[in-house]
Each structure stands twice: as structure tokens, then as C-alpha cells.
Amino acid sequence: MYHRRVLLHIHGNGRAMGLAQNIAAWALASAWRGMALHPVHGPVVVTGRAQDGAVAALDDGLARHVHAVAQTVRETLAEWRTRPPASNKVALNELLAYAARDVAPSS
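Residues numbered from 1 in each chain as written. Predicted model: local features only at pLDDT ≥ 70, side-chain atom pairs only at ≥ 80, totals over all residues. Heavy atoms only, no water.

### Focus on the nonpolar core
Rules: To qualify as a nonpolar core, a set must consist of buried Ala, Val, Leu, Ile, Met, Phe, Trp, Tyr and Cys residues joined through side-chain atoms within 4.5 Å. For every residue, the accessible area obtained with a 1.4 Å probe (protein chains only) is divided by the maximum for its type, and the residue is called buried under 20%, exposed over 50%, and partly exposed between those limits. Each helix corresponds to a stretch of at least 4 residues labelled H or I by DSSP, and each strand to a stretch of at least 2 residues labelled E; elements are numbered beginning at the N terminus.
The biggest cluster of nonpolar side chains holds 21 residues, and the ones touching the most others in it are Leu8, Trp26, Ala27, Trp32, Val69, Leu95 and Val103. At the level of secondary structure, the elements contributing two or more residues to this core comprise strand 1 (6-10), helix 1 (23-33), helix 2 (60-82) and helix 3 (88-103). Ranked by residues supplied to this core, first place goes to helix 1 with seven residues.

### Comments concerning the packing of helix 1 against helix 2
What counts is decided by this rule: Axis definition: a line fitted to C-alpha atoms, over the contacting stretch in the case of helices. Angles run 0 to 180 degrees between N-to-C directions. The labels follow the angle: roughly parallel below 35 degrees, roughly antiparallel above 145, roughly perpendicular from 65 to 115, and oblique for the rest. Crossings are classed by handedness, with left-handed meaning an anticlockwise turn of the near helix from the far one by less than a right angle and right-handed meaning a clockwise turn. Whether two residues are in contact is decided by their heavy atoms: any pair within 4.5 Å suffices.
It is the contact of helix 1 with helix 2, at a shortest axis distance of 9 Å, that shows an interaxial angle of 125°. Considered as vectors, helix 1 and helix 2 are oriented oblique to each other. Here helix 1 and helix 2 pass one another in a crossing that is right-handed. Contacts between helix 1 and helix 2 involve Ile23, Ala24, Ala27, Leu28 and Trp32 from the former and Leu62, His65, Val66, Val69, Ala70, Val73 and Leu77 from the latter.

### Looking at the pairing of strand 2 (residues 44-49)
Filter applied, for reference: At least two DSSP bridges between two strands are required for those strands to pair.
By the bridge criterion, five bridges tie strand 1 to strand 2 in an arrangement that is antiparallel. Considered in strand 2, the bridge of leucine 7 is made with threonine 47. Two strands pair when backbone bridges link them, and strand 2 and strand 3 (residues 55-56) are joined in this way by two bridges, in the antiparallel orientation. By the bridge assignment, glycine 48 is partnered in strand 3 with alanine 56.

### A closer look at the sheet that holds strand 2
An order of 1-2-3 is seen for the three strands of this open sheet, with the pairing classed as antiparallel. For this open sheet the edge positions go to strand 1 and strand 3, each flanked by a neighbour on one side alone. Where helix 1 meets the sheet, it contacts strand 1 and strand 2, and its direction lies at approximately 145° from that of strand 1.

### Focus: helix 1
Among the 11 residues of helix 1, eight are classified as buried, and the element is accordingly described as predominantly covered. For helix 1, every residue scored as buried is listed here: Ala25, Trp26, Ala27, Leu28, Ala29, Ser30, Ala31 and Trp32.

See below:
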């Protein structure tokens, strides 16, 4: 579970099938968990989660998280084409920090 009110429907065999890493899904799930998680491969669908664990509508605040992290990932990857990070570790830490900012509660 990445977030108590969300279900991430992840391709169960994406890595074995050679699907590309889904950096936006990884960043979102990692930010919600507060730590870098294992890579996510292939398409991901994000839905809400009912109290009984069933699929539910995604509330507006969580939908904003999804959109914000996806936009941040797009912008960051575009920026890295002209300003590559010093290492993969630096890149992951930078992206995770941006995603954590995007899902932080508003003050």
C-alpha cells in the first residue's frame, strides 16, 4: 500500500516484459510512502480506495497530487536533457524531493 486512500494498479509483469520504467508512478508512490521504492514498470492506473479496499473515485486532493507529480517529472526530465544530474543517485534524490513537495499538505 502506497497511500491508505489510493490504489495503484501496476502491471504485475512489466519488468519481465521489458516495459519502460514509469518514473512518474515511482515518484508518486515513493513520495506518498516517504522513501524511495522499487522501480515501477509499465502503465499505472491510480484510483481511490474505499474503506473496504474496493476501487473508489479518487478525491480531488489526491488527483492534484497525481497531476502535480506527473507534471514535475515531465519538466524535470526535460530539464535534465540540458543539465544532466551528476549521478543516478543525485537524480533520484532530486526527483523524490520534488515529488515530496508536490504531495506535502498545504499550509
